[in-house]
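# Per-entry structural report
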Amino acid sequence: MVLFKFGDFDYLCREVPSLPVCNLFFRQLLVHPKGLPAPASALLGLPSSTSTNFTSVLSSLGSGVNPSCSIPRMAKAGGAPGNLGNIANIILFWCLLWVAFLSLQVVEDGTFPSILPMMAGLVILTVGSGYIAVDTGFTVTQYFLSDDPAKLHSTWLFVLTLIWPAVAAFSYFSVQLVVVVRVLKESKPLILFSISAVLFVLSQADYFALSNTICHGSNGKVDGSFIATLLETGAVGALFVAWRSITEDSWDGIAYMD
């Protein structure tokens, strides 16, 4: 059974309440839903805007869009203090992918040809993804409005926040494992990179598959993002130790002792 279609966030924003991109759709439905009078109360789980308790219900809404389990929203969004997490690290995954490319030694590390493409990618992704996010939430134009407000559809955000990180992470670990096995032929970094990859996969599985279960089990205090953060921290730690293990000879060499 297909839970959601490509580009649709309705299921994710209902079942994974802390998914940050859902806040953009929340504001879109609250201020400017396409083809519907604002606010789209029925889609947000709100009473009619003419109701006397509209403001109080709005301020008490949890994160997500009409979530099945509610987690308190940040004070700036009109509710009680809470933790919504961060927008997917689009830029981080670009840097990670570029580092994997540099490990192939196609260009020399630290040279202008190795730095310029990375910086160009940083600027393009920062400006591009930033504008898309702002336009989706604040409806600067109507280009990024969800055609069907109930589906919370955005192909751009779907690719940038879900597809791109997955592709970049898979490509990074694939390249690193090839380099370690075929070039360096070392077992220690192979084990460490494998541990990092497994921890990352588990973190994403926990976040997207178990968030709703954890949210209900904790009475709306946390969701899968809590455990996912711990697993991602472990993944980054293993990644750092792996990189250190394959570069320690360079740093310990005589050239760096002067």
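Residues numbered from 1 in each chain as written. Predicted model: local features only at pLDDT ≥ 70, side-chain atom pairs only at ≥ 80, totals over all residues. Heavy atoms only, no water.

## Things to note about a nonpolar patch on the surface
- A cluster of nonpolar residues, Phe6, Val159, Ile163 and Val167, forms a patch on the protein surface that exposes about 320 Å² of accessible area.
- Structurally, the position occupied by Val167 is in helix α7 (residues 155-184). (Patch = residues over 30% accessible without salt bridge, like charges linked within 9 Å, V, L, I, M, F, W, Y side chains within 5 Å. Areas by Shrake-Rupley, 256 points an atom, 1.4 Å probe, with all protein chains shown as cover. Salt bridge = Lys/Arg side-chain N within 4 Å of Asp/Glu carboxyl O. Helix = DSSP H or I, 4+ residues; strand = E, 2+ residues; numbered from the N terminus.)

## Structural notes on the nonpolar core
- Within the largest apolar cluster, 49 residues are counted, with the highest numbers of intra-cluster contacts made by Phe9, Leu19, Val21 and Val65.
- Contributing elements (two or more residues each) for this core: α1 (10-15), α2 (22-31), α5 (90-102), α6 (112-138), α7, α8 (187-217) and α9 (224-252).
- The biggest single contributor to this core is α7, with ten residues.
- When neighbours within four sequence positions are excluded, Phe9 is seen to be in contact with Leu19, Val21, Phe25, Lys151, Leu152, Ser154, Leu157, Phe158, Thr161 and Leu162. (Core = buried A, V, L, I, M, F, W, Y, C linked by side-chain atoms within 4.5 Å. Buried < 20%, exposed > 50% of the residue type's maximum accessible area, 1.4 Å probe, protein only. Contact = heavy atoms within 4.5 Å.)

## Overview of the confidence of the model for the protein
- Taken residue by residue, the protein gives an average pLDDT of 84. The fraction at 70 or more is 88%.
- In the model of the protein, helix α4 (residues 54-60) stands out as the element of lowest mean pLDDT, 82, in contrast to α8, which has the highest, 92.
- In this model, residues 76-85 is a region of pLDDT below 50 whose contacts with residues beyond four sequence positions or in other chains number 22 contacts. (pLDDT = per-residue confidence, 0-100.)

## Thoughts on the packing of α5 against α7
- One can describe the packing of α5 onto α7 by two numbers: an axis separation of 9 Å at closest approach and a directional angle of 25 degrees. By the angle between their axes, α5 is roughly parallel relative to α7. By crossing handedness, the relation of α5 to α7 is classed as left-handed. Here Ile90, Phe93, Trp94, Leu96, Leu97, Val99 and Ala100 of α5 come into contact with α7, specifically with Leu160, Trp164, Pro165, Ala168, Ala169, Ser171, Tyr172, Val175 and Gln176.
- A breakdown of the residues in the contact of α5 with α7 according to their chemical character gives 14 nonpolar, two polar and no charged. (Axes fitted to C-alpha atoms, helices over the stretch in contact; angles between N-to-C directions. Parallel < 35°, antiparallel > 145°, perpendicular 65-115°, else oblique. Left-handed = near helix turned anticlockwise from the far one by under 90°. Nonpolar A, V, L, I, M, F, W, Y, C, P; charged D, E, K, R; others polar.)

## Remarks on the pattern of salt bridges
- Considering all chains together, one arrives at two salt bridges under this definition.
- Note that Glu15 is salt-bridged to Arg14, the shortest N-O span being 3.7 Å.
- Given the relative accessible area of 16%, Glu15 is considered buried.
- Accessibility expressed as a relative area gives 33% for Arg14, which makes it partly exposed.
- The shortest N-O distance in the salt bridge between Lys34 and Asp147 comes to 2.7 Å. Taken together, the positions of Lys34 in the loop between α2 and α3 (41-44) and Asp147 in the loop between α6 and α7 put the pair 113 residues apart, joining distant regions of the chain.
- Owing to a relative accessible area of 34%, Lys34 belongs among the partly exposed residues under this scheme.
- Judged by its relative accessible area of 59%, Asp147 falls in the exposed class.

## Observations concerning the state of the cysteines
- A full pass over the atoms with the stated rule returns two disulfides.
- Shown here is the disulfide that connects Cys69 with Cys215, its sulfur atoms set 2.0 Å apart. On the S-S bond that ties Cys69 to Cys215, the torsion sits near -85 degrees, and the link is left-handed. Within this pair, whereas Cys69 is found in the loop between α4 and α5, its partner Cys215 is found in helix α8, the two being separated by 146 residues in sequence.
- Judged by its relative accessible area of 0%, Cys215 is buried.
- Here the disulfide map of the protein reads 1-2, 3-4, the bonded cysteines being numbered as they appear in the sequence. (Disulfide = S-S within 2.5 Å.)

## Let's talk about the side chain of Asp223
- Turning to its location among the elements, Asp223 is positioned in the loop between α8 and α9.
- Classification of Asp223 by relative accessible area gives buried; the value is 1%.
- Of the polar contacts made by the side chain of Asp223, one reaches the side chain of Ser18; its length is 2.6 Å.
- In terms of polar contacts, Asp223 uses its side chain to reach the side chain of Ser225, at 2.6 Å.
- Apart from residues no more than four positions distant in its own chain, Asp223 is found in contact with Pro17, Ser18, Ile71, Tyr207, Ser211, Ile214 and Cys215. (Polar contact = N/O pair within 3.5 Å; in protein donor to acceptor, adjacent residues only side chain to side chain.)

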